[in-house]
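For reference, the chains in residue letters:
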Amino acid sequence: MMKFRFRRQGNDPQREKIKQELFAFNKTVEHGFPHQPCALAFDPQLQLMAIGTKSGAIKIYGSPGVEFTGLHRDAAAVAQIHFLQGQVSLLGHFLDIHVCVCYNVCDVVSSASRVTVLLLLSSCDLLCVGTEGGGIHFLDLPRLSLRDNQSLLLDQVMQSIPEDYRCGKSLGPVESLQEHPKQPGKILIGYSRGLVVLWDLSTRNAEHMFLGKQQLESLVWERSGSSFVSSHSDGGYSVWAVASGNTYTHQPVSSSIPYGPFPCKAINKILWRTIQSGCPVVLYSGGMPRASYGDRHCVTIQQDKQHVTLDFTSRVIDFFTVHTTDPEHDYDDPKALVVLLEEELVVIDLLTTGWPSVPPPYLAPLHSSAITTSCHLDNVPAKLWDRLAAAGNSQGAQPGVRHAHGSWPICGGKNLAPPPRQQELLLTGHEDGTVRFWNVSAVAMTPLYKLSTANVFHTDCDPNDDPLDPTNDPEALQEEEWPPFRKVGCFDPYSDDPRLGIQKISLCKYSCRLVVAGTAGQVIVLGLSDEWSDHTVDVSTVDLLQDREGFTWKGHDRLEPRASTAPFPPGFQPLVLVQALPPASVTSVMLHAEWNLVAFGTSHGFGLFDYHRRTAVLARCTLHPNDSLAMEGPLSRVKSLKKSLRQSFRRIRKSRVSGKKRPIPTPTSKIQEANAALADQEEVAPVQRRIEPRSADDSLSGVVRCLCFADTYLRDGTHHGPTLWAGTNSGSVYAYALEVPGVGSGRGRPGGEGSGCVEAVLGKEIQLMHRAPVVSVCVLDGRGKPLPEPYQASLDLATAPDMTNPHSVLIASEEQLKVFSLPKVGAKTKFKLTAHEGCRVRRVAMVTVCSTAQEDYSETSLVCLTNLGDLHLFNVPALRPQVRYDCIRKEDISGIASCVFTRNGQGFYLISPSEYQRFSLSAKVITEPLCTVELERPLETHIRSLLHTNTSGDTHSSLLETHTLLAVPGGDYNRTWPRFCISHMGESPEACVL
């Protein structure tokens, strides 16, 4: 007992040095689509795109691998972003600009005057700020100091307007500011009422006035500067000629309401792009007929007789075109249209006939359907990778899918990161029954392949039919030829049936076998095929209740499998469907492809299935007599409030009784004796928290939390063989000895036939002392190392396990970690995490971290993520604490629940429904941006201008400056790495690494 009582050791300097060479915590890169985007900008010179979010984040993207992220210290929404051409600078954080204007021009602008529009002149030395009150103020850059007596107030404009146009009405807010493309000293000012003024900044006079009568939404210049286009609230747009000599223009050259004559919604933004080979391209958002399509989110592209209305599933934030900006060219010649939506980014190729979409190499919407689970694979074999990529490419070539094969148009910067050492996959399961395969080998997270399981079942809506797409209905197609809608984008948050949701995933990368398990108890075993196939799927049922009396399932029904043949495209195709009964959500699944076995667990028990023989091997019920909630299911609406209150009062009564006197249970097995011996430590360790045992009749105590296959010693110490381990919510661990015919003689190989049936015999049943839920079970070999994955040892892909020395099993519960010897299941060591740290284990994984000092040195550690969001690493099998890091906010419950670890010491967790945060625990293995952006302006000169102060000594700047010479997150500020320089009134500049 002394070894448990006095385990603390002093700091060993040599060991501390080794730990620094092994462990280091870094949050490296954010994968996915920014949450709640609200601003967009593009630098045509540097070919960089910036996206601002409502949380104050600004993200810059270039070619794949070129990414920068900055976060404002105040969680304020970014209203507008403007690039200072060629300087990789961002301007226009709404809160900063507004505060700066209010502080500097408080005598001129009232506190109610909200900034509505910004215009950054091409000279990058002047910022024009339009307000809700109709005034325009001019700020010098980079200091953002107000030009004295230079503001253009509404009264000055009203004096130049004809009397008959005034009519005693205000001009309204400033809606648009546009600089003349050929005469930089002139700007076009558009007011909400419809008036457009061409203002000369040098003479401070109105050179021309365009007396529009329709409420104005936006303005855009034609490239030559001889005309401009205005869009309006009635769904139309007008072309105005800029002629010299006339002071007033009353009528436009032409006007059009594309979707009239019915009342239409406003055209929010319009672009006019000239083409050398033909008519100009007109692009605009909105303008749909109010009655029929007022709820559609659309962007229209028109060129001569070509007319396409891009129909999106989320709101349009902003859009721009990638076109020629060289002043020596007479035409725009647009190459691509980039549309930022609320939930995704869509790029349209304007050079290819039909204007197809371009698959994005990053910013893919991970949440096209809500993410329900995830799984990571490292060291993916090249053969599997190539087959998945080929299957993914064939999906883009299917009829009805328009994808361009051109290059990505946003190509700024240069990715300096070396090629990845290995190919990595992140699999995400979704609510609509799909599994998406993502390439996470580098900084850019790109889609590789998508698997749909809906066609295995009969659902309310056929997966190949989209009820929102009129092209699937011939009658509707004839009626709805106008507008010419085309559904674009992949964001679709709606699910035909919530029972299709994927809950667990397991993939064997060597045999190309995949298991996905869902919400309605469906477990599907799939194999990889390179050809189309039409076949029926074998169906087997496994009754976990085994006709147990007194239990009635009150939840949802099982999904009805298709009885007829169904077409399956190249990729993973279903081999067999295993239906667990009752059809409760699958809580755990484990595949052992070398034995052709799959194990699955629900809230009622666990089963073992031989998918080679299509036979059920085992069905074990883990329900407690009081597990009433387990019979209702997650989708049931029949839960009784009266029953819940009764159970609550029973728990309170039991806790009061148990507080008075708790009887000591009589040990009936060796494991209970070991638990009782280990529990004595609580009475002598004053620094530990006392943990109360959980009641045996707690609801959902039969939930199977984890499953594990292992070739180890269970029956005796001389014969090892296949085993199955299952851990439950009540602290129970069941260990079964398996008889697998033909193991090691060919049956486990892909295509092996073998003979006989698999049998399972209960070998051990372990009950943890405090009945804490079992989170993980892992068998260790004679060297204390985890056993290799299936096929790794037989194919000489990993070191063979030590089968000469005694094995042990590591059981991680929510409260503590324990190591037991095998086969006698004697307690060897433990670490009581809840007693020591006051937290509970949520996620557990075995990781191997390599040393930065020695190429051939590595250690296998156990990493635990707790409910407080911190990470604890322990060595194995001694369970000595190594390091601890704060990773996730404890309030971020969804982030903690979504965390997944990799075998090489990295991890992912959701920071929003559409974004994964990647982190690393290894000092050597870090996936991070490493890129360059070449600048023409010297860095030192620009910093001096940025930090220049006015006569009062205050620094007036809200300029967000990014000098991207070498982009590496984290580390020393003194290096030439990207940084945001944010300075506020009366404060020194503040730097934070991008």
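Per an unreviewed UniProt entry, the protein goes by LLGL scribble cell polarity complex component 1 and derives from Oncorhynchus mykiss. Turning to the protein, the UniProt record has this under Sequence similarities (unreviewed entry): "Belongs to the WD repeat L(2)GL family."

With an omega of -5°, the peptide bond between Leu-581 and Pro-582 qualifies as cis. As for its placement among the helices and strands, Pro-582 is situated in the loop between β42 (571-581) and β43 (588-592). Of note, the bond from Leu-822 into Pro-823 is cis; its omega dihedral lies within 30 degrees of zero at 10°. Position of Pro-823 among the secondary structure elements: in the loop between β53 (817-821) and β54 (826-831). Even without being glycine, Asn-379 reaches a positive phi, approximately 50°. Locating Asn-379 in the fold gives a position in the loop between β28 (371-377) and α7 (382-396). Phi at Cys-512 takes a positive value of approximately 60°, unusual for a residue other than glycine. Tracing the backbone shows Cys-512 in the loop between β35 (502-508) and β36 (513-518).

A separate point is the nonpolar core. With 35 residues, the main nonpolar core has Leu-388, Leu-425, Leu-427, Phe-437, Leu-514 and Phe-572 as its most contacted residues. A per-element tally of this core places α7 first, with five residues. Other than its neighbours up to four places away in sequence, Leu-425 contacts Cys-375, His-376, Leu-377, Val-380, Trp-385, Leu-388, Phe-437, Trp-438, Val-440 and Leu-448. Counting residues in each nonpolar core, the second largest holds 34 residues, with Tyr-293, Leu-310, Leu-337 and Val-346 among its members.

Enumeration over the complete set of coordinates arrives at 28 salt bridges. A salt bridge links Glu-163 to Arg-166; the nearest nitrogen and oxygen atoms lie 3.5 Å apart. In this pair, Glu-163 and Arg-166 both sit in helix α5 (residues 163-166), three residues apart, roughly one turn of the helix. Judged by its relative accessible area of 60%, Glu-163 falls in the exposed class. By relative accessible area, which is 24% here, Arg-166 ends up partly exposed. Via salt bridges that share partners, Glu-30, Lys-59 and Glu-915 belong to a single interconnected network.

Reading the values: rules and limits
Residues numbered from 1 in each chain as written. Predicted model: local features only at pLDDT ≥ 70, side-chain atom pairs only at ≥ 80, totals over all residues. Heavy atoms only, no water. UniProt positions renumbered as here; feature names shortened; annotations may be inferred. Helix = DSSP H or I, 4+ residues; strand = E, 2+ residues; numbered from the N terminus. Core = buried A, V, L, I, M, F, W, Y, C linked by side-chain atoms within 4.5 Å. Buried < 20%, exposed > 50% of the residue type's maximum accessible area, 1.4 Å probe, protein only. Contact = heavy atoms within 4.5 Å. Salt bridge = Lys/Arg side-chain N within 4 Å of Asp/Glu carboxyl O.

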